[in-house]
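Fold and geometry: a report
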Amino acid sequence: MLQHVSSCTPEYARRLPPRTRPVIRYRREDFGWLAAFPDGSVAMYDEGAEALLRAGEPPERCTAHLVERLSVETDFHFRAPAMVWLEITRSCNLRCPHCFVEGGRARSSELPTELIMRLLDEWAGMGVFSLIVTGGEPTMHPDFCEIVQRAYDLGFVIGIATNGTTLSERILSRIPQDDVIISMSIDGLHGQGKYRNEGEFAYVTRRLAELRDRGFNTSIMTTTTHENVDDLPVIIDWAKENDVSLRSVPFIPMGRGALHKDLASSMHDVERTARFWIDEEEWGREKDRTLGLCAGKVLDFLYTMVFATRRCMSARGVCYVNSAGDVFPCSTCAGNKVLCGGNVQLTPFAAIWESEDWLIRKITWDNYRDTCEGCPINDDKYFCTGRCPSQSSILNGTFDGCGTSDFQLQSILRREELFRARIMAEPRVELRRGERAGPEARDAAPAPASGTAPAPARSTVPGERS
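None of these values were measured; they are calculated from a predicted model.

Remarks on the confidence of the model for the protein chain
Looking at the protein chain, the pLDDT average stands at 90 and 89% of residues meet or exceed 70. Scored below 50 in pLDDT, residues 432–450 makes 96 contacts in the model with residues more than four places away or belonging to other chains. Below a pLDDT of 50 lies the segment residues 457–466, which in the model reaches 60 contacts outside its immediate sequence neighbourhood of four places, other chains included.

With respect to the pattern of salt bridges
Inspection of every chain in the model, using the stated rule, returns 32 salt bridges. Salt-bridge contacts for R107 lead to E87; the nearest nitrogen and oxygen are separated by 2.8 Å. Linking R107 in the loop between β6 (83–87) and α3 (113–126) with E87 in strand β6, this pair joins segments that are 20 residues apart in sequence. What makes R107 buried here is its relative accessible area of 18%.

Here we look at the sheet that holds strand β7 (residues 130–134)
Taken in spatial order, the nine strands of this open sheet run β11-β10-β9-β8-β7-β6-β12-β13-β14, and their pairing is mixed. The open sheet is flanked by β11 (245–250) and β14 (342–343), the only strands paired with a single partner. Pairing between strand β12 (residues 318–321) and strand β13 (residues 326–328): two bridges, direction antiparallel. Bridge assignment links V321 to a residue of β13, and that residue is V327. Across the sheet, helix α8 (residues 270–287) is in contact with β10 (217–224) and β11; its angle to β11 comes to roughly 145 degrees.

As for the nonpolar core
Counting 103 residues, the largest nonpolar core has F78, L120, W123, F156, I175, V321 and F349 as the members making the most contacts within it. Residue contacts for F349: discarding those within four places in its chain leaves P81, L119, E122, W123, M126, C319, V321, V327 and V344. Membership of the second largest hydrophobic core comes to 15 residues, among which are Y12, F37, L53 and C62.

Description of the packing of aromatic side chains
For the structure on display, the rule yields 14 aromatic pairs. With a centroid separation of 5.6 Å and 65 degrees between ring planes, the pair formed by Y26 and W33 is classed as edge-to-face. Taking the relative accessible area as the measure of exposure, Y26 reaches 2% and is therefore buried. Between F37 and Y45, the ring centres sit 6.1 Å apart and the planes meet at 80 degrees, which makes this aromatic pair edge-to-face.

What counts and what doesn't
- Residues numbered from 1 in each chain as written.
- Predicted model: local features only at pLDDT ≥ 70, side-chain atom pairs only at ≥ 80, totals over all residues.
- Heavy atoms only, no water.
- pLDDT = per-residue confidence, 0-100.
- Contact = heavy atoms within 4.5 Å.
- Salt bridge = Lys/Arg side-chain N within 4 Å of Asp/Glu carboxyl O.
- Helix = DSSP H or I, 4+ residues; strand = E, 2+ residues; numbered from the N terminus.
- Buried < 20%, exposed > 50% of the residue type's maximum accessible area, 1.4 Å probe, protein only.
- Pairing = 2+ DSSP bridges.
- Axes fitted to C-alpha atoms, helices over the stretch in contact; angles between N-to-C directions.
- Core = buried A, V, L, I, M, F, W, Y, C linked by side-chain atoms within 4.5 Å.
- Phe/Tyr/Trp six-rings, centres within 6.5 Å; stacked < 30°, edge-to-face > 60°.

Right, here's the structure in full:
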């Protein structure tokens, strides 16, 4: 099991969403305890919270022990990832043009199932909270069901990223439902023939409805592109009408996408993608009330950490392990094949995670000071994702350049306007008790590369979802 798991008090358990295991997951950190509650709250506590966590008390009972300030060294990172993407195979029966891992053929030396199981055991011992099982098409792995069951038995919150075409009755009958979300991709309304002579939208929505009716929590994954910008309103409307979660990511020209740069959104797409984003944000806030702890809520907490500590949480709070065993800071680095920290077929994961030589941990917002000077979104009220070493390497060939395209810059400006008009006129991000700070930026507080920063109390982040 995870390093520390406590059963919730009966009163707390009764108010949890359905398909949620009534347990609190927590682990020791230098500052005290990092805890993930089954209602989706994630927070940092001092040593005094231990008795309450062990007793299974809800987050409001632990408020007095929230960490007020956090020591932030240049290479700050949690003792283990809060969330891990695990690519169990690159094999895939589709060839999507935007696929960042170039799904199709298996990698030349993919992880044996025995090593995958050992990795799960190691992560459970380290206290990893959330696991995304991905590919390729993960259900094509011959031991997919056994891997998911082991992850479930170890106590992880699980996300399954699939195209749905190989989700057979045999597989579905063996997948647990509590603390599991099945996510399927919809990237357009057509794609005739791609899904066994059925259009992409018709096929995936039918499968999602079947899974929902069967009792699973389900989600739509959408990559926003220039090509699908007119389809986005139909996709979000279907999600809302059918009570299905939706999370989108912008197209990035990496992996197979590097061969299809025409998919990148253009300046003409700013208004339509911004309006889709605000619809997604509104729906996500409503739908999240019906979900317990999941990968999205763990990521929301880590976004607050980005702006509280002024450095990316890739390799600090998340990582991506591909099917060959390469450990990347995040999925973007994996797709771009940069900043690899090591390989679990050669080195134990814990040794890779604890390494002092992982280059990405030497990069903070200080490295972008000259790059960001004079930029209109270099302001606490904006959530700029441009201080990204991987995206910078794609656009500039360096790790410390601007990772924001002209489209993304204008999109952020327009999203801020819509966010204030439709969701929150004066957006705030909770940093710690008694302190509030800027909006969509999730910008927390000034924190030097080496020093202290106010710690985010919990994931109360407005703005971009992933």
